[in-house]
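# Observations on the three-dimensional arrangement
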Amino acid sequence: MVRFTSRRGNRPVSEVSAALEAILFSSNRPLKLRELQHATDTDRIGVETALDELRQSLDGRGVMVMRHHDEVHLATRPQYAAAIRRALRPEVSGKLSAAAYETLAIVAYQQPVARARIEDVRGVNCESVLTNLELRDLITEVGRGTGPGQPKLYGTTMRFLQVMGLESLDRLPTPRIDRDTDASTPSSGRAVTKNA
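Residues numbered from 1 in each chain as written. Predicted model: local features only at pLDDT ≥ 70, side-chain atom pairs only at ≥ 80, totals over all residues. Heavy atoms only, no water.

## Quick word on the overall build of the chain
Counting secondary structure elements, the chain contains eight helices and eight strands. Sorting the 196 residues of the chain into buried and exposed places 32% on the buried side. A fraction of 43% describes how many contacts in the chain between residues 6 or more apart in sequence connect residues 24 or more apart. Of the roughly 12500 Å² of accessible surface on the chain, 52% is carried by carbon and sulfur atoms. (Helix = DSSP H or I, 4+ residues; strand = E, 2+ residues; numbered from the N terminus. Buried < 20%, exposed > 50% of the residue type's maximum accessible area, 1.4 Å probe, protein only. Contact = heavy atoms within 4.5 Å. Areas by Shrake-Rupley, 256 points an atom, 1.4 Å probe, with all protein chains shown as cover.)

Right under this line is the structure:
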């Protein structure tokens, strides 16, 4: 095992490498070499050697050591970006469209509900709207239907309750039927509205 001299005496490179990994993992910004030297009480050569060891140990893993001049950062590998986005579901900015509100209302009042049912009520393809609502964590897959292909069944989430300011789904306003719409078709998307 390679050893080098620090102000505290001889320490194995792997110990410094592990310390650097922990520091870089915990940091939300790139760190300068001198900051790493100070944090590990190690000279520049020792930090450089430990960074090389860390870089090698992370080869083929989900994270990598990034280096730009004297700045070092631990970051995820680009090939895993899609998986990270799906897992972390970043907050999507912007307001919901009218189509999104209609779709969300159908899911809220008819859950668990399949995409085909939502499209029957709205009369249009809802795939992109459902994807958007899932990314915003307002709806999620809650099961599978028993029909052909076992379609996804959608339901609302805790985030939906938070955004709508509801304690529970029991607090959803009672839907009403518009007078202009035939009472025999209460499932029409235009017939279901929220009371203010």
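Okay, back to it.
## What to know about the pattern of salt bridges
Going through the model one piece at a time under the given rule, you end up with ten salt bridges. The partner of lysine 32 in a salt bridge is glutamate 71, with the nearest N and O atoms 3.7 Å apart. One end of the pair, lysine 32, is in strand E3 (residues 31–32); the other, glutamate 71, is in strand E5 (residues 71–76), with 39 residues separating them in the sequence. Residue class for lysine 32 comes out partly exposed when judged on its relative accessible area of 32%. Across the pair glutamate 48 and arginine 67 runs a salt bridge, and its minimum N-O distance is 2.8 Å. Here glutamate 48, found in helix H3 (residues 44–57), pairs with arginine 67, found in strand E4 (residues 63–68); they are 19 residues apart in sequence, far enough to count as distant. The class of arginine 67 is partly exposed, set by a relative accessible area of 33%. If you follow the salt bridges from partner to partner, you end up with Arg44, Glu48, Arg67 and Asp70 in one network. (Salt bridge = Lys/Arg side-chain N within 4 Å of Asp/Glu carboxyl O.)

## Some details on the nonpolar core
Ranked by internal contacts, the top residues of the largest apolar core, which has 20 residues, are Leu104, Ile118, Leu133, Ile139 and Phe160. Looking at this core, the elements with two or more residues in it are helix H5 (98–110), helix H6 (115–122), helix H7 (127–135) and helix H8 (158–164). In terms of residue count, H5 provides more of this core than any other element does, five residues in total. Dropping the residues within four chain positions of it, leucine 133 is found in contact with Leu96, Ala100, Thr103, Leu104, Leu138 and Ile139. (Core = buried A, V, L, I, M, F, W, Y, C linked by side-chain atoms within 4.5 Å.)

## Describing the packing of H5 against H7
Between H5 and H7, the least distance of the axes is 10 Å, while the angle of their chain directions is 80°. Accordingly, the angle class assigned to the pair H5 and H7 is roughly perpendicular. Here Ala99, Ala100, Thr103 and Leu104 of H5 come into contact with H7, specifically with Val129, Leu130 and Leu133. Of the residues that constitute the contact of H5 with H7, the class distribution is six nonpolar, one polar and no charged. (Axes fitted to C-alpha atoms, helices over the stretch in contact; angles between N-to-C directions. Parallel < 35°, antiparallel > 145°, perpendicular 65-115°, else oblique. Nonpolar A, V, L, I, M, F, W, Y, C, P; charged D, E, K, R; others polar.)

## A closer look at the confidence of the model for the chain
Looking at the chain, the pLDDT average stands at 82 and 81% of residues meet or exceed 70. Mean pLDDT per element in the chain: strand E1 (residues 3–6) is the minimum at 44, and helix H2 (residues 33–40) is the maximum at 96. Counted against residues more than four places away or in other chains, residues 1–9, with its pLDDT under 50, gives 26 contacts. Here residues 182–196 is a poorly scored stretch, pLDDT under 50, and it has 26 contacts once near neighbours within four places are set aside; other chains count. (pLDDT = per-residue confidence, 0-100.)

## Some details on the sheet that holds strand E7 (residues 139–144)
Spatial ordering of the open sheet is given by E6-E8-E7, a layout of three strands whose pairing is antiparallel. Each edge of the sheet is formed by a strand with only one pairing partner; in this case those strands are strand E6 (113–114) and E7. Bridge count for E7 against strand E8 (residues 152–156) is five bridges, and the pairing is antiparallel. When the bridges of E8 are listed, isoleucine 139 appears paired with threonine 156. (Pairing = 2+ DSSP bridges.)

## Overview of the pairing of E4
Where E4 and E5 come together, six bridges link them in antiparallel fashion. Residue pairing for E5: valine 63 is matched across the bridge by threonine 76. Linking two consecutive strands that pair antiparallel, namely E4 and E5, is a turn of two residues; a positive phi of about 55° is found at histidine 69 within it.

## A closer look at H5
With 13 residues, H5 should reach 18 Å at 1.5 Å per residue; the first-to-last C-alpha distance of 18 Å fits that figure. Along H5, the residues classified as buried are Ala100, Thr103, Leu104, Ala105, Ile106, Val107 and Ala108. Of the surrounding elements, those touching the buried residues of H5 are E6, H6, H7, E7, E8 and H8. (Expected span 1.5 Å × (residues − 1).)

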